[in-house]
Amino acid sequence: MDSSLPILSLSAAAAVSAAAVFPKLKARLALSRAKHRSLTGHSKMSKMVARVLPHYEFDIGHFFRSDGAPDDVALQRQDGFFRLARLYEERYAKGRQMTAEAAERISDLQFTENYRVPFQYSRVVRENLGTGAFMESSAGVTVTDVDGNNFYDLTGSYGVNIFGNDFYKECITAAETRAHALGPVLGPYHPVITDNVRRLCEISGLDEVSFHMSGTEAVMQAVRLARYHTRRTHLVRFAGAYHGWWGDVQPGIGNPVSPHETYTLADMSERTLHVLRTRKDIACVLVNPLQALHPNANAPGDSALVDSSRKGAFDREAYGEWLKKLREVCNQRGIVLILDEVFVGFRLAAGGAQEYFGVRADMVTYGKSLAGGLPVGVVCGRKELMRRFRDDRPADVCFARGTFNSHPYVMTAMDEFLSRLASPNFNAIYHGLDETWNGRATALNERLAANDLPVRVSNLSSIWMVQYTEPSRYNWMLQYYLRAEGLALSWVGTGRLIFSLNYTDADFSEVADRFVAATEKMKRDGWWWHDASLTNKSIKRRILREMVRKKFGR
């Protein structure tokens, strides 16, 4: 009888241990299930893949037939490539020379010049289709480079340019005149800041404001305040979303250190809502409304365009419902909902994405366009979340400063921007905005289909991306044909076409003509050849075999 007591004691201990461990395992499993099934949803795995990915590049012999194209098609592509190269050499000579010289000392240029296309093709492209990074002037919806070439501007200045470059020139000119008396005096506030704060509170529907030097800094401060007031550690971001380049919101490739207090979960997922409902360590949820165009996918730069699987589709109603569900769960669990409008703020509606989707956040971050073309970051939040100290604990503070916060020139430019935004005549630009841009996207897609071209566009209002309907390893070449037709693109290529809202129907018609002409020339040069054996899956398998051969020397 006595001999059974140790066994019973061990069994009881095991049961107690299991009871203690099981909830943790269950919570961990729920967290894993809420991650998106891609590398964007698994930061550790993405970094591991990045570390083992071998570098290799195609020489001229393989560059034009990396998809298994026959000799005649490879020759057709080669002729088209070098014809385009001669045009670039003649038309952009000064800009290319300036860019090459500047890249020796500007690290940003070194990065962008190397990552315009998939790395296997980069060296040959850089040597023959080098682009100019220098622009000399802008007017209307066009920009002019240092060689005197005129382009329709589809760069959007990384999202800053909502209302047209001339609009921001006016804001900056007026701001300089108004701020000149005080000048760059930092520390005291320019009187105009009171009007700015009042308007921002009205627009955001929130109580208080803090100013910062960039959108990245604004998001950093919003997250810091959420953690401070909730006394919780973790933030939730969604797979593929961009919230600046600071560590906690960039847990995968590009960040040398892995954050330990960030959950990257799947956008528009019931499993994510379950995690939010059940965990006790989540301080805030970060939402970038731009992800509505491509949920759970990274910003679609052409450097990762290895096949034709890139897709985009915006459903305003579905994404709005998702945000309402998030709002409800955050209310239930005391989680701070932060809407990061640094990119889309004031592009979708005068009240931003909150107005557009009909959802109110606890905190909102703005940047880019808000300061009339000058750098800025802004946090708007509920009063109890914006406080940076505790009355009962004088040493327990949430510190944040910045030398150029509330710079007089930035504040007066912001006032110029907000004054124009509040004008009824100017505000009319938002009337029928979705109908205008959706109609333009539909019309262009109909032209592309009618001409049997394997290209389509998808859009979130005036933010567009290009997708491809037939399997190809060479879709990234389209950016070079588009530039040759006089369309200015950002360094990510066809992944982001950002129109300013001052595009008239005539302006857009010209852009559409040039877009169709570029795709016709690219097709004529054989880049979209394929046979029945060429699929997106077979392309990925071919790339995997190339990597294995390079890695193991076979």
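Above this note sits the structure.
All values derive from a computational prediction rather than experimental measurement. (Residues numbered from 1 in each chain as written. Predicted model: local features only at pLDDT ≥ 70, side-chain atom pairs only at ≥ 80, totals over all residues. Heavy atoms only, no water.)

**Student:** Would you take a moment to explain the overall build of the protein for this structure?
**Tutor:** Along the protein, the regular secondary structure elements total 20 helices and 16 strands. For the protein, the spread of C-alpha atoms along the principal axes amounts to about 90 × 80 × 45 Å. A sequence separation of at least 24 residues applies to 78% of the contacts in the protein between residues at least 6 apart. Of the accessible surface of the protein, which amounts to about 25600 Å², a share of 56% is contributed by carbon and sulfur atoms. For the protein, the separation between the mean place of its 70 positive charges and that of its 61 negative charges on side chains is 8 Å. (Helix = DSSP H or I, 4+ residues; strand = E, 2+ residues; numbered from the N terminus. Contact = heavy atoms within 4.5 Å. Areas by Shrake-Rupley, 256 points an atom, 1.4 Å probe, with all protein chains shown as cover. Lys, Arg positive; Asp, Glu negative; His and termini not counted. Charge placed at Lys NZ, Arg CZ, Asp CG, Glu CD.)

**Student:** Quick question: what am I supposed to make of empty space enclosed by the protein here?
**Tutor:** Empty pockets left among the atoms are what a rolling probe the size of a water molecule brings to light. Counted by the stated rule, this structure contains one cavity of 30 Å³ or more. Its volume calculated, the largest cavity comes out at about 50 Å³. Forming the walls of the largest cavity are E113, R116, V117, S122, V125, R126, L129, G130, T131 and Y480. Here the lining of the largest cavity takes three residues from helix α7 (residues 119-128), the largest share from any one element. Its residues placed into classes, the lining of the largest cavity shows four nonpolar, three polar and three charged. (1 Å grid on protein atoms, 1.4 Å probe; cavity = no way out; pocket = protein on both sides within 12 Å on 5 of 7 lines; lining within 4 Å. Points joined across faces, edges and corners; volume = space filled by probe spheres on them. Nonpolar A, V, L, I, M, F, W, Y, C, P; charged D, E, K, R; others polar.)

**Student:** What's the story with the packing of helix α4 (residues 71-91) against α7 in this structure? I'm lost.
**Tutor:** A pair of packed helices can be characterised by two numbers: the angle between their axes and the separation between those axes. Look at α4 against α7: their axes get within 9 Å of each other, and the N-to-C directions meet at 40°. Viewed along their axes, α4 and α7 adopt a mutual orientation that is oblique. Taken together, the residues of α7 that come into contact with α4 (itself represented by F81, F82 and A85) are V124, V125 and N128. Along the lines of polarity and charge, the residues of the contact of α4 with α7 split into five nonpolar, one polar and no charged. (Axes fitted to C-alpha atoms, helices over the stretch in contact; angles between N-to-C directions. Parallel < 35°, antiparallel > 145°, perpendicular 65-115°, else oblique.)

**Student:** Explanation requested: the pattern of salt bridges in the structure shown.
**Tutor:** For side chains of opposite charge, pairing can occur when their charged atoms come near one another. Evaluated as defined, the whole model comprises 33 salt bridges. A salt bridge links E113 to R116; its shortest N-O distance comes to 2.8 Å. For the pair formed by E113 and R116, the shared burial category is buried. Note that E416 is salt-bridged to R420, the shortest N-O span being 2.6 Å. Linking E416 with R420, this pair stays in helix α15 (residues 408-422), spanning four residues, or about one helical turn. (Salt bridge = Lys/Arg side-chain N within 4 Å of Asp/Glu carboxyl O. Buried < 20%, exposed > 50% of the residue type's maximum accessible area, 1.4 Å probe, protein only.)

**Student:** Even after reading the chapter, I still don't get the packing of aromatic side chains, so can you show me in this structure?
**Tutor:** To describe a pair of aromatic rings, you give the distance between the ring centres and the angle between the ring planes. Enumeration over the complete set of coordinates arrives at 41 aromatic pairs. Consider the rings of F167 and F426, whose centres lie 5.3 Å apart with planes at 25°: the pair is stacked. Separated by 259 residues along the polypeptide, F167 in helix α8 (residues 165-179) and F426 in helix α16 (residues 424-427) bring together distant segments of the chain. Here F167 falls in the buried class, since its relative accessible area comes to 7%. Judged by centre distance (5.6 Å) and plane angle (65°), the rings of W464 and F508 are edge-to-face. Linking W464 in strand β14 (residues 463-468) with F508 in helix α19 (residues 505-524), this pair joins segments that are 44 residues apart in sequence. By relative accessible area, which is 7% here, F508 ends up buried. Among the aromatic residues, ring-to-ring pairing joins Y56, F58, F63, F64, F81, F82, F119, Y121, Y474, W476 and W527 into one connected group. Stacked on the ring of Y356, the Lys or Arg R316 has its end atom at 3.7 Å from the ring centre. (Phe/Tyr/Trp six-rings, centres within 6.5 Å; stacked < 30°, edge-to-face > 60°. Lys NZ or Arg CZ within 6 Å of the ring centre and 35° of its normal.)

**Student:** Would you explain the environment of R232 in this entry?
**Tutor:** Along the chain, the position of R232 falls in the loop between α10 (215-230) and β5 (234-238). The spacing of R232 and A413 is 181 residues in sequence and 37 Å in space, taken between C-alpha atoms. Setting aside its immediate chain neighbours within four residues, R232 contacts R227, K280, D281, I282, A283, R333, G334 and I335. At 3.0 Å, the side chain of R232 and the backbone oxygen of I282 are in polar contact. (Polar contact = N/O pair within 3.5 Å; in protein donor to acceptor, adjacent residues only side chain to side chain.)

**Student:** How should I be thinking about a positive patch on the surface in this particular structure?
**Tutor:** Positive charge collects at one region of the surface, where K537, R541, R545 and R549 lie side by side. Positionally, R545 belongs in helix α20 (residues 536-552). (Patch = residues over 30% accessible without salt bridge, like charges linked within 9 Å, V, L, I, M, F, W, Y side chains within 5 Å.)

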